[in-house]
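Reading the structure
Each chain is listed here by its residues.
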Amino acid sequence: MPAHPKLPEEIWTDARTRWESDPREGYAWLVADMALHVTGAAVRKKAKKEGWRKKVARSGCCGCCRNHEPVKKSSVDRECIPHSEILDRLARALEIVEDCAAALRETMLPGNHR
């Protein structure tokens with residue numbers, strides 16, 4: 001099994017500076033942007049060990065429309081989905097889960113063995 005790749009300390013320093021000065025969350029974007037030869041998990045581990053902290057504050061929203069409050073999930077931030085739409089999607093998802101749970105209950109009733 002090959003050894004895990006190691007990055008020179010100056011690359012780690014550059015990565016930290018870049019990550020701390022960028023509002024994006026996570027580490028995958030950093031790995032991709034810098035073409036690092038380590039995984040996002042390896043960067044996360046290093047960041048946690050060294051106590052990396054973001055130095056940029058996120059403003060009211062992601063900058064698209066300024067029409068909604070920030071939502072912590074980065075995938076929602078990127079899509080700029082207003083809270084009302086998030087709540088509508090959640091309500092629809094809960095209805096689907098409720099229907100699925102009811103169907104599952106029916107199959108689990110005594111005498112409905114398959």
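Please refer to the structure placed before this passage.
Now for the pattern of salt bridges. What the rule picks out here adds up to nine salt bridges. Two residues, E20 and R16, come together in a salt bridge whose shortest N-O distance is 3.0 Å. Taken together, the positions of E20 and R16, both in helix α1 (residues 9-20) and four residues apart, correspond to about one turn of that helix. For R24, the salt bridge identified is with D33, shortest N-O distance 3.1 Å. What makes R24 partly exposed here is its relative accessible area of 36%. Because the salt bridges share partners, they merge into one network encompassing E9, R16, E20, K46, E50 and K55.

All right, on to the packing of aromatic side chains then. Scanning all chains against the criterion turns up three aromatic pairs. When the centroid spacing of 6.5 Å and the interplanar angle of 65° are considered together, the rings of W12 and W52 count as edge-to-face. Linking W12 in helix α1 with W52 in the loop between α3 (40-50) and α4 (74-79), this pair joins segments that are 40 residues apart in sequence. For W12, a relative accessible area of 9% puts it in the buried group. Of the residues examined, W52 reaches a relative accessible area of 3% and is grouped as buried.

Reading the values: the criteria
Residues numbered from 1 in each chain as written. Predicted model: local features only at pLDDT ≥ 70, side-chain atom pairs only at ≥ 80, totals over all residues. Heavy atoms only, no water. Salt bridge = Lys/Arg side-chain N within 4 Å of Asp/Glu carboxyl O. Helix = DSSP H or I, 4+ residues; strand = E, 2+ residues; numbered from the N terminus. Buried < 20%, exposed > 50% of the residue type's maximum accessible area, 1.4 Å probe, protein only. Phe/Tyr/Trp six-rings, centres within 6.5 Å; stacked < 30°, edge-to-face > 60°.

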